[in-house]
Amino acid sequence: MATPSGARQATTRPQVLTGARVVLPSGTVPDGQVTIDGTKIATEATQGPAQVIDVRNHWLVPGFVDLHNHGGGGASFSGTAEDVHKAIHAHRRHGTTTLVASTVTDDMDVLVRQAGLLSELVEQGDLAGIHFEGPFISPCRKGAHSEALLRDPDPAEVRKLIDAARGRARMVTLATELPGGIDSVRLLAEHGVIAAVGHTDATYEQTVEAIEAGATVATHLFNAMPPLGHRAPGPIAALLEDERVTVELINDGVHLHPAALELAFHRAGAGRVAFITDAMDAAGIGDGRYMLGPLEVEVSEGVARLVEGGSIAGSTLTLDRAFKRAVTVDRLPVEDVVAALSANPARLLGMDDRVGSLEPGKDADLVLLDEDLDVKGVMRQGVWVVDPRLG
């Protein structure tokens, strides 16, 4: 398996992390213990000597799972294999141990080529899959996508992209009200690919139709869709009310007012929320000029906007910041935040038998946070990406 630069080799003897507040599916254990044996979480009983690491006064949570991410560390998932590895490692250092690479609207030939490159990295285990955000989205709600490159979701074109991904496509965002939208949702469902409603100008009724056809995700709910109205509730109400739908939220303090986030948690419940980054190249880097697909972006004070038109262009968010904000600003229970960052997206991806919680037999993916909820350690498959013993 290819390993992004900066990762260390797994230890040859078991590691026992003791004394932390460990967040488990059943709740938080105040003075807990997690045993790592090779690449997996083990039971407390291990054969032979173990390395004991005292992590008192820390939180120990599952590695984060990001469904929607365009890049970071100064690199994009629309770039070369080297760029992709750079972006992966940038987010791993912030606790994201499972990551779906998102593309942005471009020429179909470009997207097909990129799907081939990304699928190889999925096969190597570096990525969890591919998310196509565009080009099948509404020009009315295009956000940071090139309008000239948008197209209707013709099922044949959608099939072309998922075929190019060689079985590694995880999700496609669609404006399902466009011609071919509902048929494309059915196509995706038949092929085991998540159909996500987003960058849409759909009505409430059209969104209900899409959900009935098989759509199961709301792409960055509230953003790039009509606002909630009392006479025309639009897609937001339909997506929040249906138990089959997982809603993505970008919790960076820019994309959502705290009241909107509270509404989503209250209506959908903690089991149907997935925090995402929607990150672009600047995540983990800082202000400056960047490219998002074919469009130029200016990042100022951490907010990314298109140079032409000023639309918000993704985020500079990392999931550790989303975690900290959710607990300290939004005052959500840590257990609900862990579900939104790990368990819920893992379940949606069909990977919850391997990742998303700290349970024996699952991958040793975990994040160690101090009392201020800042990252002090990150482990992926038994390898310290950020080693708390070296901090």
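Rules used throughout
- Residues numbered from 1 in each chain as written.
- Predicted model: local features only at pLDDT ≥ 70, side-chain atom pairs only at ≥ 80, totals over all residues.
- Heavy atoms only, no water.
- Helix = DSSP H or I, 4+ residues; strand = E, 2+ residues; numbered from the N terminus.
- Rg over C-alpha atoms; globule rule 2.2 N^0.38 Å.
- Buried < 20%, exposed > 50% of the residue type's maximum accessible area, 1.4 Å probe, protein only.
- Pairing = 2+ DSSP bridges.
- Contact = heavy atoms within 4.5 Å.
- Axes fitted to C-alpha atoms, helices over the stretch in contact; angles between N-to-C directions.
- Phe/Tyr/Trp six-rings, centres within 6.5 Å; stacked < 30°, edge-to-face > 60°.
- Core = buried A, V, L, I, M, F, W, Y, C linked by side-chain atoms within 4.5 Å.
- Expected span 1.5 Å × (residues − 1).
- pLDDT = per-residue confidence, 0-100.
- Parallel < 35°, antiparallel > 145°, perpendicular 65-115°, else oblique.
- Left-handed = near helix turned anticlockwise from the far one by under 90°.
- Nonpolar A, V, L, I, M, F, W, Y, C, P; charged D, E, K, R; others polar.

Visitor: Kindly report on the overall build of the chain, identifying the contributing residues and their values.
Guide: Helix and strand content of the chain: 9 helices and 21 strands. Relative to the compact-globule value of 21 Å for 391 residues, the chain shows a C-alpha radius of gyration of 20 Å, a close match. Based on the C-alpha atoms only, the size of the chain along its principal axes is roughly 65 × 45 × 40 Å. Here the chain, with 391 residues, has 57% of them falling under the buried criterion.

Visitor: Give a detailed account of the sheet that holds strand E10 (residues 129-133), specifying residues and quantitative values.
Guide: Judged by pairing direction, the sheet is parallel, and its 8 strands sit side by side in the order E6-E9-E10-E11-E12-E13-E14-E15 without closing on themselves. The open sheet terminates on both sides in strands that have one partner only, identified here as strand E6 (64-69) and strand E15 (273-276). When E6 meets strand E9 (residues 96-103), the two strands line up parallel, connected through 4 bridges. Following the sheet pairing, asparagine 69 is matched in E9 by alanine 101. Most of the contacts of helix H8 (residues 319-328) go to E6, to which it runs at about 110°, and overall it touches E6, E9 and E15.

Visitor: Would you mind going over the packing of aromatic side chains in detail, with residue names and values included?
Guide: In this structure the tally under the stated criterion is 2 aromatic pairs. The interplanar angle of 35° and the centroid separation of 5.9 Å between the aromatic rings of phenylalanine 64 and phenylalanine 323 together place this pair among those described as tilted. Here phenylalanine 64 is found in strand E6, whereas its partner phenylalanine 323 is found in helix H8, with 259 residues between them in sequence. For phenylalanine 323, a relative accessible area of 0% corresponds to the buried category. Relative to phenylalanine 275, the ring of phenylalanine 265 lies with its centre 5.8 Å away and its plane at 50°, an arrangement referred to as tilted. Taken together, the positions of phenylalanine 265 in helix H7 (residues 258-268) and phenylalanine 275 in strand E15 put the pair 10 residues apart, joining distant regions of the chain. Of the two residues examined, phenylalanine 265 and phenylalanine 275, each falls in the buried class.

Visitor: I'd like a rundown of the nonpolar core, residues and numbers included.
Guide: Core analysis: the largest hydrophobic core is formed by 93 residues, its most contacted members being Leu127, Leu221, Leu249, Phe275 and Phe323. Core analysis: the second largest hydrophobic core is formed by 15 residues, Ile41, Val55, Leu358 and Ala364 among them.

Visitor: I'd like to hear about helix H2 (residues 108-123), residue by residue, with values.
Guide: Compared with the 22 Å implied by 1.5 Å per residue over 16 residues, the 22 Å span of H2 between its first and last C-alpha is a close match. Those residues of H2 that sit buried are Met108, Leu111, Gln114, Ala115, Gly116, Leu118, Ser119, Leu121 and Val122. Lining the buried residues of H2 we find helix H1 (81-92), E9, E10 and helix H3 (155-164). Phi for glycine 125, located one or two positions after H2, is positive at around 95°.

Visitor: How would you explain unusual backbone geometry if you had to name every residue and give the values?
Guide: Omega for the bond connecting glycine 134 with proline 135 falls within 30 degrees of zero, at 15°, which places this linkage in the cis form. With respect to the helices and strands, proline 135 occurs in the loop between E10 and H3. Its identity as a non-glycine residue notwithstanding, asparagine 57 has a phi of 65°, on the positive side. Note on placement: asparagine 57 falls in the loop between strand E4 (51-54) and strand E5 (59-62). The backbone of glutamate 301 shows a phi angle near 55°, a positive value even though the residue is not glycine. Following the sequence through the fold, glutamate 301 ends up in the loop between strand E17 (295-300) and strand E18 (303-306). By relative accessible area, glutamate 301 is classed as exposed at 75%.

Visitor: Tell me what's going on with the confidence of the model for the chain, and back it up with residues and numbers.
Guide: Averaged over every residue, the pLDDT of the chain is 94; residues scoring 70 or more account for 96%. Ignoring residues within four places in sequence, the model shows residues 1-6, a span with pLDDT below 50, making 15 contacts including any to other chains.

Visitor: Can you lay out the packing of H1 against H2 for me, pointing to particular residues and giving the numbers?
Guide: Interaxial distance between H1 and H2 falls to 11 Å at its minimum, and their mutual angle equals 50°. With respect to each other, H1 and H2 are oriented oblique. Helix-helix and strand crossings are classified by hand; for H1 and H2 the assignment is right-handed. Residues Ala81, Val84 and His85 of H1 pack against Gln114, Leu117, Leu118 and Leu121 of H2. Here the contact of H1 with H2 is composed, by residue class, of 5 nonpolar, 2 polar and no charged.

Visitor: Run through the pairing of strand E19 (residues 366-369), naming residues and quoting values.
Guide: Taken residue by residue, a regular strand's side chains alternate between the two faces of the sheet. Here E19 shows a buried face lined by Leu366 and Leu368 and a second buried face lined by Val367 and Leu369. Here E19 hands over to strand E20 (residues 375-380) after 5 residues, with leucine 373 in that stretch at a positive phi of 65°.

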